[in-house]
Amino acid sequence: MSLALQTFSTVKDANAALQASGTRYLGGGTLVVRAANEGDVSVSSLVRVTEPSLSAVSVSGGKARLGASVTMAAITRHPELAALAPAARAVGGPAIRNMATVGGNLFAPAPYGDFAVALLALNATVAVEDGEMPVETFLAGRDTSRAVVTAVSLSLPEAESFRFLKVSRVKPKGVSVLSIAALLQRTADGTVTSARIAHGCMADRSMRAKAAEKALLGCKLTPEEIAPALAVAGEDITPITDPIASAWYRAEVLPVHLGRLLLS
Amino acid sequence: MAKVPVQFTLNGSEKAEFIESGTTLLHALRDKIGDTSPKGGCHQGTCGACSVIIDGELRLSCLTLAETCDGADIRTTAGLAEGGVLHPLQRAFLDAFATQCGFCTPGMIMAAKALLDRTPNPSREEVVEALSGNICRCTGYEPIIQAVLTAARADSQNAA
Ligand SMILES: Cc1cc2nc3c(=O)[nH]c(=O)nc-3n(C[C@H](O)[C@H](O)[C@H](O)COP(=O)(O)OP(=O)(O)OC[C@H]3O[C@@H](n4cnc5c(N)ncnc54)[C@H](O)[C@@H]3O)c2cc1C
Ligand code: FES
Ligand code: FES
């Protein structure tokens, strides 16, 4: 393996180094070091940043800021991040969760990226050195992104408004057949007034189920009223095929699992 | 390729090595330092045979670059026995027939140790969850789960 690691104390210096070809950022390394071990020669140099803010979590006024180097394990243990814990716990086994970072999950190709599914439903904001953007915009342009992600910010949801589901074949861990996250605001009588739904494995990265979101407005979460949303859940999807499931299977079971999540 | 200096504590003793930049911790431990207790199974993060404890947290040495461990406290199964006396986890694995070919054993023991260090009296579910990143092709897992539960009981009796 011929990899060289460069360590910088500031994001600015790391961003300059990342412009060189064959250079990638090193988060927890669970994907990028694995690729190198498997013989991927497209990466010859890795860059990391030791700036402490990248590993910091701050929560105030119902908002959370997660540094890009914060691990899934740190999220599961944080007393104020209980709403995010199910999505963080869905990532890999214990050792992977001790290594896998928030920043790295934004780049993880399907069937990975379970935490990013939750971030997309929660309309999180992704920060780089010179600005912020909605996670949806970030995910769409991630292939050409050459800047260190520094943090992710989001409004923490009320427990009852946010639901997350990962379906896998191997229990308790195993890669996703699919994952779904839904942020639903409802009136006192249970009528949906806003819905944001994201799913994983229905493309190479997490996507929103916009047709289903629209169809849920004004509905109560009963089998009859959610049926139109389930019927359009598969619009615009191009699921992945891998050893876990074919694209056809994933498309077939998406409405079933979305229904279970909505009725749970 | 440039060599870089790395210093860390391995099972309580200071180690200093010059390694090639980009070397994994697994490679550095086995081929440079001579601690062959972490095993290289898949080099992909899926088998857990290379598990070690770094600064109190379970990690996969095959996906960790050795340079990132400068100044760290690293624990492996090779450092568990004290003065020729096996650690309760090692004893329990032998007694329960939780090790057959033995390839997964050092990783299983590190994953179990990381659990017991935080949760001395785990439930069966907690043991299953803690071992979920480790694959065993021999035992069928049940003896391993029993060994970890036995070691936890032995430890709490010693402490009482
Ligand atoms: C055995 C195994 C099981 C897994 N199971 C799951 C699972 O169940 N669910 C799941 O979602 N994922 C899973 N993964 C994938 C992976 O562990 C996670 O997606 C993880 O969050 C990736 O983060 P990382 O820090 O390790 O990324 P790295 O490997 O460090 O980086 C991945 C990519 O992101 C880029 N990157 C990372 N951080 C930044 C940053 N701050 N700024 C700019 N670029 C950055 C890197 O350059 C690289 O291209 C698994 C991986 C393995 C090996
Ligand atoms: S060798 Fe590291 S997980 Fe298999
Ligand atoms: S004892 Fe052989 S793999 Fe576990």
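Since this is a predicted model, take the numbers as computed values, not measurements.

**A look at the overall build of chain A**
Line of reasoning, step 1. When helices and strands are counted, chain A shows 11 helices and 12 strands.
Line of reasoning, step 2. Radius of gyration (C-alpha) of chain A: 19 Å, near the 18 Å computed for a compact globule of 264 residues.
Line of reasoning, step 3. When the 264 residues of chain A are sorted by exposure, 51% land in the buried category.
Line of reasoning, step 4. Counting contacts in chain A only where the partners sit at least 6 residues apart, residues at least 24 apart contribute 59% of the total.
Line of reasoning, step 5. Total accessible area computed for chain A in this model is approximately 11,300 Å², and 55% of it derives from carbon and sulfur atoms.
Line of reasoning, step 6. A distance of 5 Å separates the average location of the 25 positive side-chain charges in chain A from that of its 22 negative side-chain charges.

**Quick look at the pattern of salt bridges**
Two side chains that carry opposite charge are able to pair once their charged atoms sit near each other.
Line of reasoning, step 1. Taken as a whole and assessed by the stated rule, the structure comprises 18 salt bridges over all chains.
Line of reasoning, step 2. Of the charged contacts in the structure, one is a salt bridge between A:Lys210 and A:Glu136, with a shortest N-O distance of 3.3 Å. With A:Lys210 in helix H9 (residues 210–216) and A:Glu136 in helix H8 (residues 135–140), this pair connects stretches of sequence that are 74 residues apart.
Line of reasoning, step 3. On the accessibility criterion, A:Glu136 (27% relative accessible area) is partly exposed.
Line of reasoning, step 4. For the salt bridge of B:Lys113 with B:Asp117, the shortest nitrogen-to-oxygen distance reads 3.0 Å. Of this pair, B:Lys113 and B:Asp117 both sit in helix H3 (residues 105–118), four residues apart, roughly one helical turn.
Line of reasoning, step 5. The exposure class assigned to B:Asp117 is exposed, which follows from its relative accessible area of 52%.
Line of reasoning, step 6. Through salt bridges that share partners, A:Glu136, A:Arg196, A:Arg208, A:Lys210 and A:Glu213 make up one connected network.

**Remarks on the confidence of the model for chain B**
Regions with low pLDDT carry predicted coordinates that are not meant to be interpreted in detail.
Line of reasoning, step 1. When the pLDDT values of chain B are averaged, the result is 95; 98% of them are 70 or greater.
Line of reasoning, step 2. Complex prediction metrics read pTM 0.97 and ipTM 0.96.

**Digging into the packing of aromatic side chains**
Centre distance and the angle of the planes are the two values used to describe a pair of aromatic rings.
Residue and element names in this part refer to chain A.
Line of reasoning, step 1. The final tally for this structure, using the stated rule, is one aromatic pair over all chains.
Line of reasoning, step 2. With centroids separated by 5.4 Å and ring planes inclined at 90 degrees, the aromatic side chains of Phe 107 and Phe 138 adopt a geometry described as edge-to-face. Here Phe 107 is found in helix H6 (residues 102–107), whereas its partner Phe 138 is found in helix H8, with 31 residues between them in sequence.
Line of reasoning, step 3. Across from the ring centre of Tyr 249, 5.2 Å away, lies the NZ or CZ of Arg 169, which sits over that ring.

**Focus on the packing of helix H10 (residues 223–231) of chain A against helix H11 (residues 247–263) of chain A**
Residues and elements named next belong to chain A.
Line of reasoning, step 1. Where H10 meets H11, the closest approach of the two axes is 10 Å, and the angle between their N-to-C directions is 140 degrees. Classed by the angle they form, the pair H10 and H11 counts as oblique. The handedness of the crossing between H10 and H11 is right-handed. Of H11, the residues touching H10 (which contributes Pro 223, Ile 226 and Leu 230) are Pro 255, Leu 258, Gly 259, Leu 262 and Leu 263.
Line of reasoning, step 2. Here the residues of the contact of H10 with H11 are counted per class, giving seven nonpolar, one polar and no charged.

**Thoughts on the interface of chain A and chain B**
Line of reasoning, step 1. The interface is formed by 25 residues belonging to chain A together with 25 residues belonging to chain B.
Line of reasoning, step 2. Between chain A and chain B, roughly 2,100 Å² of surface is buried when both sides are summed, and carbon and sulfur atoms account for 58% of that area.
Line of reasoning, step 3. Of all residues in chain A, A:Leu5, A:Asn98 and A:Met99 give up the largest surface area on contact with chain B, accounting jointly for 22% of the area buried on that side.
Line of reasoning, step 4. In this assembly, chain A and chain B are joined by nine residue pairs in polar contact (both at pLDDT 80 or more).

**Quick notes on the sheet that holds strand S1 (residues 3–10) of chain B**
Residues and elements named next belong to chain B.
Line of reasoning, step 1. Strand order in this open sheet of five strands is S2-S1-S5-S3-S4, and the pairing throughout is mixed. In this open sheet, the two edge strands, each paired with only one partner strand, are strand S2 (13–20) and strand S4 (57–60). Strand-to-strand, the axes of this sheet are offset by a mean angle of 40 degrees, without reference to chain direction.
Line of reasoning, step 2. When strand S3 (residues 51–54) meets S4, the two strands line up antiparallel, connected through four bridges. Residue pairing for S4: Ile 53 is matched across the bridge by Leu 58.
Line of reasoning, step 3. Contacting S3, S4 and strand S5 (73–75), H3 runs over the sheet at an angle of about 35 degrees to S3.

Rules of the game
Residues numbered from 1 in each chain as written. Chains lettered and ligands numbered in written order. Predicted model: local features only at pLDDT ≥ 70, side-chain atom pairs only at ≥ 80, totals over all residues. Heavy atoms only, no water. Helix = DSSP H or I, 4+ residues; strand = E, 2+ residues; numbered from the N terminus. Rg over C-alpha atoms; globule rule 2.2 N^0.38 Å. Buried < 20%, exposed > 50% of the residue type's maximum accessible area, 1.4 Å probe, protein only. Contact = heavy atoms within 4.5 Å. Areas by Shrake-Rupley, 256 points an atom, 1.4 Å probe, with all protein chains shown as cover. Lys, Arg positive; Asp, Glu negative; His and termini not counted. Charge placed at Lys NZ, Arg CZ, Asp CG, Glu CD. Salt bridge = Lys/Arg side-chain N within 4 Å of Asp/Glu carboxyl O. pLDDT = per-residue confidence, 0-100. Phe/Tyr/Trp six-rings, centres within 6.5 Å; stacked < 30°, edge-to-face > 60°. Lys NZ or Arg CZ within 6 Å of the ring centre and 35° of its normal. Axes fitted to C-alpha atoms, helices over the stretch in contact; angles between N-to-C directions. Parallel < 35°, antiparallel > 145°, perpendicular 65-115°, else oblique. Left-handed = near helix turned anticlockwise from the far one by under 90°. Nonpolar A, V, L, I, M, F, W, Y, C, P; charged D, E, K, R; others polar. Buried area = accessible area lost by both parts, 1.4 Å probe. Polar contact = N/O pair within 3.5 Å; in protein donor to acceptor, adjacent residues only side chain to side chain. Pairing = 2+ DSSP bridges.

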